[in-house]
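Chain by chain, the residues:
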Amino acid sequence: GGPQAAHHVVTPAGQRHCFAQFGAGTLVAGTRTLLSQSMLIEPLAILREAQALADLGVVRPLRQLTIDRRCIVVTPFHKIVNRMQELARRDDRHGSCGLGVGQAWLDSQRRGVPTLRIGDADDPARLRAALRFLQLCKVDLAEQIVDAHPDLPALRSLLDDLRARDWVDGLSAAYADLLAGVDGLDDGTRLRAALTDPLQPVLFEGAQGVLLDAVHGFFPYVTPSRTTFRNALSLIDQA
């Protein structure tokens, strides 16, 4: 899944939180979250959610989080283009959340389109180059959308936002903060260890439902990825 999910949890003590990228059991002491390779992550949103959990009393939330280094990163560039595409659909809008998750996933399925994975953030120079290249690619796409719909001024405003050149500096710093705070990046080793430990309970948590599945859902009101438990079964098979 991706960061658009909102699993609303209320504890007997009155704590309330809508979980998006942390596991919904995080308010239970000792619970850890592993974002598997099937997850699309939004680092800025993870940092905001960690602060919200800390405000609820969770001690060092980021240290309870491990991220598979293969996770696709959803950037603000994906969000902006997502919103532009939805506006350009006019009366045929799909009802997108506008968070760029589908845009990032579709990019990962296309040859020749840059895809940023969280493991790339390990190398600052590589990260900056990848972010800049991704920004330029999205600017090119956004310009085509504006040219095709000159009567929609909101599109021009979003394009101007996408062109801002200070994106790379800010994102690079934020992604570095995330890597410095989490328990680490994984290559699948930790999940395999948990799945093969008979004393370790593992809960698979996914986003969305079957009726939004690309194959089984109500087209065109679907997400471009698969939303059944097939990803969980695949992870278990790999263990």
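Source: prediction; values computed, not measured.

(A) Main features of the pattern of salt bridges. With the rule as written, the count across this model stands at 14 salt bridges. Note that Asp151 and Arg90 form a salt bridge whose closest N and O atoms lie 2.7 Å from each other. On the criterion of sequence distance, the pair formed by Asp151 in the loop between helix H4 (124-148) and helix H5 (153-163) and Arg90 in the loop between helix H2 (76-88) and helix H3 (101-108) is long-range, its members being 61 residues apart. Notably, a salt bridge pairs Lys138 with Asp107, separated by 2.6 Å at the nearest N-O pair. Taken as a pair, Lys138 in helix H4 and Asp107 in helix H3 lie far apart in primary sequence, 31 residues in all.

(B) Representation of the environment of Pro12. Within the element layout of this structure, Pro12 appears in the loop between strand S1 (7-10) and strand S2 (16-19). Considered as a pair, Pro12 and Phe229 are 217 residues apart in the sequence and their alpha carbons are 29 Å apart.

(C) Up close: helix H1 (residues 43-55). Between its terminal C-alpha atoms H1 stretches 19 Å, which fits the 18 Å expected from 13 residues at 1.5 Å a residue. Here H1 has its buried residues at Pro43, Ala45, Ile46, Glu49, Ala50 and Leu53. In an axial view of H1, the angular spread of the buried residues amounts to 150°, which keeps them on one side of the axis. Turned more than 90 degrees away from the buried face of H1 sit Arg48 and Asp55, all of them exposed. The N-cap of H1, judged by a side-chain oxygen 2.8 Å from the amide nitrogen of Leu44 a few residues on, is Glu42.

Criteria and cut-off values
- Residues numbered from 1 in each chain as written.
- Predicted model: local features only at pLDDT ≥ 70, side-chain atom pairs only at ≥ 80, totals over all residues.
- Heavy atoms only, no water.
- Salt bridge = Lys/Arg side-chain N within 4 Å of Asp/Glu carboxyl O.
- Helix = DSSP H or I, 4+ residues; strand = E, 2+ residues; numbered from the N terminus.
- Expected span 1.5 Å × (residues − 1).
- Buried < 20%, exposed > 50% of the residue type's maximum accessible area, 1.4 Å probe, protein only.
- Arc of directions from axis to C-beta.
- Polar contact = N/O pair within 3.5 Å; in protein donor to acceptor, adjacent residues only side chain to side chain.

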